Amino acid sequence: MTSDRLDATFAALADPTRRAIVARLAAGDATVTELAAPFRMSLPGISKHLKVLERSGLIARTRHAQFRPCHLRAEALDEALGWIEESRRIWDERFHKLDAHLRDIQQAHPSGDNHD
Amino acid sequence: MTDQELGELSFTRTFDAPRELVFRCLIEPEHLTHFWGPAGTSAPLAQIKADPRPGGVFETVMVNDADGSEYPTRAVYVEVTEPERLVWTETHSGMTVTLTLSDLGDGRTHVRIHQARVPAEFRTPQAQAGFLTSLDRFAGYLAGLPPQR
């Protein structure tokens, strides 16, 4: 996944309405009318959010069907969440090494000046 | 989903070392080379460039120990306030990393990492100012915490 693509995914998920739509679609495909039901929002308003989600690759819509049910592309969401997990792992491992490094240099120079 | 903003990551760790020393480890290549590469990788000293002042470069290369493949990262420092805060932005991804160091008063240091993928529309000076303000508040909150035992 490219960096731009990840940015688009996170930008799409930055909005609470769009997060709610994604959460709803995680439970199964739904039409625009069904998605609009829990919100005090017009169908065009919901459609605008769906377009953002579609462009980011988070949802897909059937082109030919009359009711065009929306479908969550779980792999796109997984990739976005994977970035968070990967970043967390990198910092965790770096900090583990830093902890050991700090112990080493403080043992080497216990009297105060820890600099090289 | 959690209340944490997606696309943002917070990570904290307490180190048994004074804040000035921890800060130096985070900006000096001679220290960075010892820990910058995560498990299974190394960060060769010769390939680390760090010019810790706003606008200065911060470049590192992580080398995979198994196959030698290289992962270069190029960033630019946004803020360097020794010994409490360090901010840089990765040039290719636009991701901003903020490290906040808090002196726990007993020789230990609390470090908080905040990493955010900031979409282009949020990269304006106004948006950045708001971003820093919220970090200021968090740093203030951390500073007011009693040392943890």
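**Examining the overall build of chain A**
A count of helical and extended segments in chain A gives five helices and two strands. Scanning chain A from its N terminus toward the C terminus, one meets helices and strands in the order α-α-α-α-β-β-α. For chain A, the proportion of its 116 residues judged to be buried stands at 23%. Within chain A, counting contacts between residues at least 6 apart in sequence, those at least 24 apart form 51% of the total.

**Brief notes about unusual backbone geometry**
Leave glycine aside and you will find that most residues have negative phi; peptide bonds, for their part, are mostly trans. Residue Pro83 of chain B is bonded to the preceding Glu82 of chain B through a cis peptide linkage, with omega at 0°. Relative to the helices and strands, Pro83 of chain B resides in the loop between strand S5 (70-81) and strand S6 (85-90).

**A closer look at the confidence of the model for chain B**
Residues and elements named next belong to chain B. Looking at chain B, pLDDT values average 81 and 73% of them are 70 or higher. Mean pLDDT values for the elements of chain B range from 45 in helix H3 (residues 125-143) up to 98 in strand S3 (residues 49-50). Per-residue pLDDT stays below 50 along residues 119-124; that stretch engages in six contacts with residues further than four places along the chain or on separate chains. Contacts from residues 126-142, a stretch scored under 50 in pLDDT, to residues over four places away or in other chains number nine contacts. Our summary of model confidence lists the complex with pTM equal to 0.68 and ipTM equal to 0.72.

**Notes on the nonpolar core**
Grouped together as the largest cluster of nonpolar side chains are 23 residues, with contacts concentrated most on Leu102 of chain A together with Phe15, Val22, Cys25 and Leu26 of chain B. Among the elements of the structure, helix H5 (74-108) of chain A together with helix H1 (19-27), helix H2 (29-35), strand S4 (57-64), S6 and strand S7 (95-103) of chain B are those that each provide at least two residues to this core. Per-element tally for this core: the top contributor is H1 of chain B, with six residues. In this structure Leu102 of chain A touches Phe15, Asp16, Ala17, Leu21, Val22 and Cys25 of chain B, once residues within four positions along its chain are discounted.

**Section: the interface of chain B and chain A**
At the junction of the two partners, chain B supplies 26 residues and chain A supplies 27 residues. If you list the elements that add at least two residues to the side of chain B that touches chain A, you get strand S1 (8-15), H1, H2 and strand S8 (109-117) of chain B. Of the residues that constitute the side of chain B that touches chain A, the class distribution is 15 nonpolar, six polar and five charged.

**Description of the pairing of S6 of chain B**
Residues and elements named next belong to chain B. As paired elements, S5 and S6 share six bridges and run antiparallel to each other. What sits directly across from Glu79, in S6, is Val87. Turn length for the S5-S6 hairpin, with the two strands adjacent in sequence and antiparallel, is three residues. The antiparallel hairpin formed by S6 and S7 contains four residues in its connecting segment, where Gly94 sits at a positive phi of about 75°.

**Thoughts on the pairing of S7 of chain B**
All names here are of chain B. Among the nine residues that make up S7, seven are buried, leaving the element largely enclosed by the rest of the structure. Bridging between S6 and S7 involves five bridges; their strand directions are antiparallel. Note that in S7 the partner of Thr89 across the bridge is Thr96.

**A closer look at the packing of helix H2 (residues 16-26) of chain A against helix H4 (residues 43-55) of chain A**
All names here are of chain A. Between H2 and H4, the shortest axis-to-axis distance is 10 Å and the interhelical angle comes to 70°. Taken together, the axes of H2 and H4 are roughly perpendicular relative to one another. Residues Thr17, Arg18 and Ile21 of H2 pack against His49, Val52 and Leu53 of H4. Tallied by class, the residues present in the contact of H2 with H4 amount to three nonpolar, two polar and one charged.

**Some words on the packing of H5 of chain A against H1 of chain B**
Axes are the key here: two packed helices are described by the angle between their axes and the distance separating the axes. Where H5 of chain A meets H1 of chain B, the closest approach of the two axes is 11 Å, and the angle between their N-to-C directions is 120°. Taken together, H5 of chain A and H1 of chain B sit at an angle that is classed as oblique. Here H5 of chain A runs over H1 of chain B; the crossing is right-handed. Across the interface between the two elements, Leu98, His101 and Leu102 of chain A of H5 of chain A pack against Leu21, Val22 and Cys25 of chain B of H1 of chain B. Grouping the amino acids of the contact of H5 of chain A with H1 of chain B by side-chain chemistry returns five nonpolar, one polar and no charged.

How each quantity is defined
Residues numbered from 1 in each chain as written. Chains lettered and ligands numbered in written order. Predicted model: local features only at pLDDT ≥ 70, side-chain atom pairs only at ≥ 80, totals over all residues. Helix = DSSP H or I, 4+ residues; strand = E, 2+ residues; numbered from the N terminus. Buried ≥ 20, exposed ≤ 12 C-beta atoms within 10 Å, placed from the backbone. Contact = placed C-beta atoms within 7 Å. pLDDT = per-residue confidence, 0-100. Core = buried A, V, L, I, M, F, W, Y, C linked by C-beta atoms within 7 Å. Nonpolar A, V, L, I, M, F, W, Y, C, P; charged D, E, K, R; others polar. Pairing = 2+ DSSP bridges. Axes fitted to C-alpha atoms, helices over the stretch in contact; angles between N-to-C directions. Parallel < 35°, antiparallel > 145°, perpendicular 65-115°, else oblique. Left-handed = near helix turned anticlockwise from the far one by under 90°.

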